[in-house]
Amino acid sequence: MIRQRDILIRFVAFQGLTLAVGIAVAVLLFHIVAKYKVESKELDGISTRPILANKGNILAHDGRLLVTSVLKYRLSVDFRADGLTDKDFNYYVDTIANGLARILKEKTVQEYAKEWRIARANASKNRNYPLTRKAVDYITYQQLQALPILKRNRNKGGLIVEKQIDRVYPYKDMAHYTLGWVNKNHQGVGIEYSYLKQMNGQSGMEICQLVGKNTLIPINSEPEVLPVDGCDIVSTLDIDLQEIAEEEIERQLLNDPDLEWGTAVVMDVQTGEIRAIVNKHKKSPSSHEIVEDENYALRFRKDPGSTFKLVSFLIMLEKGLNLNDSVDTQGGSVTLHGKKYEDEGSGKGTISAAQVFEYSSNVGTIELSRRMYPNKANWNDFSDRIETLKIKDITDFDINPQQNIAPVIRMQENDGMALYAMSIGTSLEMTPLQTLTIYNAVANDGCMVHPRFVKEIRKGSKVIEKSKTKIVNKTICSKKTLEKLQGMLLGVVEHGTAKQARSNIFPIAGKTGTAHLSFGNKGYSNQKLASFAGYFPADNPKYSCIVAFKTFEVTHKTFGGSKAAPVFKNIAEKIYAHSVEWQTPAGDYDNSLMAAPYTKSGKEQALRQTLARLQIPITGCENREWVSTSSVDNAVELQPRSIVSRLVPNVKNMGLKDAVFLLESNGMRVHFLGKGTVMQQIPAAGSPYEMGDAVRLVMSVE
């Protein structure tokens, strides 16, 4: 009984204590809320502002830099800063004006001094008075920050610093529409736009005080949330091949007043990786200004013309066409159901089916299609066979085309006219890149792979996502048909319409195309698309390529064989000369007697590729992004170079290109003296640094 009473007393006491604690907490919360309401009046104008992360770079397939970011600074002065006294201002204003005139070179000393005195007199209105209207680089920022008063902290000197990130294109407008951009309205094109989320990273956050109407000033020196840098996008582009293709397209545009724009694409046959893509536009026939303002290869969907005859003959060969059958081309002109079809140039008389393809005879192709599809019952078989090739699946690109580019096959039921038109590459629409994909399949032993522009996504040296070859169609036709098509494409170059594509160095295979362009209700115009699609070397294809030019509204004779074929040849021969793996050694040699050469430090992957081509043995580490090198007997030894966040990387013994890439990709500004190899760096490797800090490099040759 006594025990029960003790338990009851303890329970009541515990309940009372709990109630007392609850009341105390409630009272405390009441006081906190009341205090917050009072203090919140003093915190009026406090808000948060995002801090943009460092945007990722776009790289070439071998790691060279194509697009990067640089840090710029917008500088202004708060003339109401607490530590900025009238005495200090009047004492230093002329010195500051002199420094601004010397550094910025925008106004005279007298103009700066006058403006600053007026701004100081109206300090209540000038809490964000700009030092200059433009953003400045880090070196200019350092020079301005060293001026009297401005070198003090923000509260005492009033200097307000806002960072912004600008995109830089080291190769200027190279592949500009493919690499792409994003504007302030979040509109854009190309890789930059398509991979914006991955490249942007995650923004940080800082707490700011609103001063004036629209100006936010950070309260703390450190942000509340640090930003997370974005990923790098490794493209499939090869800078050297891109330069070759651009040079040839621009030369042809400048030398030919008939041509309005030109495009060229070079694709790796087995993987579908785009090594070069050119889209150049000339403003007028007499203009010497060449710009890149559209992606014609990806987005220009019109009649392909005779390059589509490759598909027509593929279908007819699968149905049993004999290439030795003779065809009367009827003087190069035929009229069917009131519509006239003509060959470009004079008729060839009676020729074989193989020659119809080689000479690109429209009349001969239509006659063959009539033989293979003689009645209404099987007219739709032609379009059905086009569907089985999966041409319409060549749309899933890894960069967003931002419009409908699906091939258009205009085949109505029981429509013989549509069959004849499609057989010669009209009454349907495709882009140059889709046409190239078909030719690439023939070069790739019948396997159709989807073109791609992105190789992988990286976070520093770590691969986050690696793209894979996407197979659209494992086999576009039988092996027998494929061999015939390959022989026919070779025949076009050897003794057909593409003789100007013939090379004395290696065999080229391909097909010309010349299409009159239609523009909706306006019908067909005098504008043409002259093209040549093919691959090289024909006996062991490495690259496929298409070259296409669109003309102005002209009546001059323009054909794929005379405009596009010679440009294709020039591109192919220069790529061949550039590629070491295709070259025949001058003679046998014994490299075991040779000491290993001196090599600069740099990227392991690039070093391994180069040394392997030179048949020089390699020892040491593997799978490290950056390495040091040394010669050991007849081999090159690789040692790892670690890159530690916020510590200056070691770039000694590197070439300038690798050193600049490594330092700038880590957020540093680079200044160098001389050329050759990096002999000295200031600050030294391993020193701590802040984003935007400068590094000075002294090279081996002054």
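Everything numeric here is computed off the predicted structure, so don't read it as measured data.

A.B. asks: Would you explain the overall build of the protein in this entry?
C.D. replies: Along the backbone of the protein there are 21 helices and 33 strands. For the protein, the proportion of its 702 residues judged to be buried stands at 49%. When the accessible surface of the protein is totalled, it reaches about 34,700 Å², and 51% of it is carbon and sulfur.

A.B. asks: It is not clear to me how the sheet that holds strand S11 (residues 259–268) should be interpreted in this structure. Could you clarify?
C.D. replies: Sheet strands pair via backbone hydrogen bonds, and the direction of the pair is either parallel or antiparallel. Here 6 strands make up an open sheet; going across it, the order is S13-S12-S11-S26-S25-S24 and the pairing antiparallel. Both outer strands of the open sheet, strand S13 (290–291) and strand S24 (509–518), are each paired with one neighbouring strand and no more. Sitting on the sheet, helix H9 (residues 239–255) is in contact with S11, strand S12 (274–282), S13 and strand S26 (543–551), with an inclination near 25° to S12. In the packing of helix H19 (residues 565–578) onto the sheet, the strands contacted are S11, strand S25 (524–536) and S26, and the crossing angle to S25 comes to about 30°.

A.B. asks: Would you take a moment to explain the packing of aromatic side chains for this structure?
C.D. replies: Both the distance between ring centres and the angle between the ring planes are used here to describe each pair of aromatic rings. Under the definition given, this model contains 20 aromatic pairs. Taken together, a centroid distance of 5.3 Å and an interplanar angle of 85° make the contact between Tyr177 and Trp181 edge-to-face. Look at Tyr177 and you get buried, because its relative accessible area is 11%. Ring centres 4.0 Å apart and planes at 5° place the aromatic pair Trp261 and Tyr296 in the stacked group. On the criterion of sequence distance, the pair formed by Trp261 in strand S11 and Tyr296 in helix H10 (residues 296–299) is long-range, its members being 35 residues apart. Each member of the pair, Trp261 as well as Tyr296, carries the same accessibility label: buried.

A.B. asks: Looking at this structure, I do not really get the environment of Asp62. What am I missing?
C.D. replies: Its place among the elements puts Asp62 in the loop between strand S2 (58–59) and strand S3 (65–77). When the C-alpha atoms of Asp62 and Leu237 are compared, they prove to be 8.5 Å apart, with 175 residues separating the residues in sequence. In terms of polar contacts, Asp62 uses its side chain to reach the side chain of Arg64, at 2.9 Å.

A.B. asks: Teacher, can you tell me more about unusual backbone geometry here?
C.D. replies: Across residues other than glycine, the phi torsion is negative in most instances, and most of the peptide bonds are trans. Here the bond from Phe536 into Pro537 is cis, since omega is -20°, no more than 30 degrees from zero. Relative to the helices and strands, Pro537 is located in the loop between S25 and S26. Cis peptide bonds are those with omega within 30 degrees of zero, and the linkage from Ile682 to Pro683 qualifies with 0°. Of note, Pro683 is situated in the loop between strand S32 (675–682) and strand S33 (694–701). For Asp445, which is not glycine, the phi dihedral falls at a positive 55°. Here Asp445 is to be found in the loop between helix H16 (432–443) and strand S20 (448–449). Residue Asp445 is classed as exposed on the basis of its relative accessible area, which comes to 61%. The backbone phi angle of Asn653 is positive, close to 75°, even though this residue is not glycine.

A.B. asks: What's the story with helix H11 (residues 309–318) in this structure? I'm lost.
C.D. replies: Structurally, the α-helix is built with 3.6 residues per turn, so residues lying three or four positions apart point the same way. A large share of H11 lies buried, amounting to 9 of its 10 residues. Gly320, located one to two residues past H11, shows a positive phi value of around 110°.

A.B. asks: Please clarify how the side chain of Asp232 should be interpreted in this entry.
C.D. replies: Note on placement: Asp232 falls in strand S10 (residues 232–235). Residues within four places of Asp232 in sequence aside, it is in contact with Gly56, Asn57, Leu59, Glu456, Ile457 and Arg458.

A.B. asks: Looking at this structure, I do not really get the sheet that holds strand S29 (residues 626–632). What am I missing?
C.D. replies: Ordered in space as S27-S29-S30-S28, the 4 strands form an open sheet in which the pairing is mixed. Since the sheet does not close on itself, it has two edges, and those belong to strand S27 (602–603) and strand S28 (618–620), each with one partner. One ladder, built from 2 bridges, connects S27 with S29; its direction is antiparallel. Its bridge partner being in S29, Lys603 is matched across the sheet by Trp626.

A.B. asks: Explanation requested: the pattern of salt bridges in the structure shown.
C.D. replies: Two side chains carrying opposite charge are able to pair once their charged atoms lie near each other. Using the criterion set out here, one finds 37 salt bridges in the structure. Arg370 serves as the salt-bridge partner of Glu367, at 3.9 Å between the closest nitrogen and oxygen. Taken together, the residues span about one helical turn, with Glu367 and Arg370 both in helix H13 (residues 362–372) at a distance of 3 residues. Using a relative accessible area of 33% as the deciding quantity, one classes Arg370 as partly exposed. For Arg371, the salt bridge goes to Glu367, with nearest N and O atoms at 3.6 Å.

A.B. asks: Help me out: how do you make sense of H9 in this one?
C.D. replies: For H9, spanning 17 residues, the distance from its first C-alpha to its last is 24 Å, which sits close to the expected 24 Å at 1.5 Å a residue. Listing the buried residues of H9 in full gives Ile239, Leu241, Gln242, Ile244, Ala245, Glu246, Glu248, Ile249, Gln252 and Leu253. For H9, the side-chain oxygen to backbone nitrogen distance between the N-cap and Asp240 is 2.9 Å, and the N-cap itself is Asp238.

A.B. asks: Could you clarify how one ought to interpret the side chain of Asp78 in this entry?
C.D. replies: Structurally, Asp78 is set in the loop between S3 and helix H2 (86–104). Of the polar contacts made by the side chain of Asp78, one reaches the backbone nitrogen of Arg80; its length is 3.0 Å.

What counts and how
- Residue numbers run consecutively from 1 along every chain, following the written order of its sequence.
- Local features in a predicted model are, by the rule used here, given only for residues with pLDDT of at least 70; side-chain atom pairs are given and counted only at 80 or more, and totals for whole chains, interfaces and linings are based on all residues.
- Think of the side-chain values as coming from all heavy atoms in the structure, minus any hydrogens and water.
- Per the convention used, a helix needs a DSSP run of H or I reaching at least four residues, while a strand needs a run of E reaching at least two, with both numbered from the N terminus.
- The buried label goes to any residue with under 20% of its type's maximum accessible area, the exposed label to any with over 50%, and the partly exposed label to all in between, with areas taken from a 1.4 Å probe on protein chains only.
- In short, Shrake-Rupley with a 1.4 Å probe defines the accessible areas, and a residue's cover is counted only from the protein chains shown.
- Whether two strands pair comes down to DSSP finding at least two bridges between them.
- For this analysis, residues touch if any pair of their heavy atoms sits within 4.5 Å.
- All axes are obtained by fitting lines to C-alpha atoms, using only the stretch in contact for helices, and the reported angles, taken between N-to-C directions, cover 0 to 180 degrees.
- Classification of ring pairs rests on two measures: the distance between centres of Phe, Tyr or Trp rings, Trp counted by its six-membered ring, which must be within 6.5 Å, and the angle between planes, read as stacked under 30 degrees, edge-to-face over 60 and tilted in between.
- Contacts described as polar in this section are N or O atom pairs within 3.5 Å, which, within protein, must combine one atom able to donate a hydrogen with one able to accept it, while residues neighboring in sequence count only if both atoms come from side chains.
- The salt bridge definition used is simple: a Lys or Arg side-chain nitrogen within 4 Å of an Asp or Glu carboxyl oxygen.
- The span expected for a helix works out to 1.5 Å for each residue beyond the first.

By themselves, these observations are geometric and do not establish any function.
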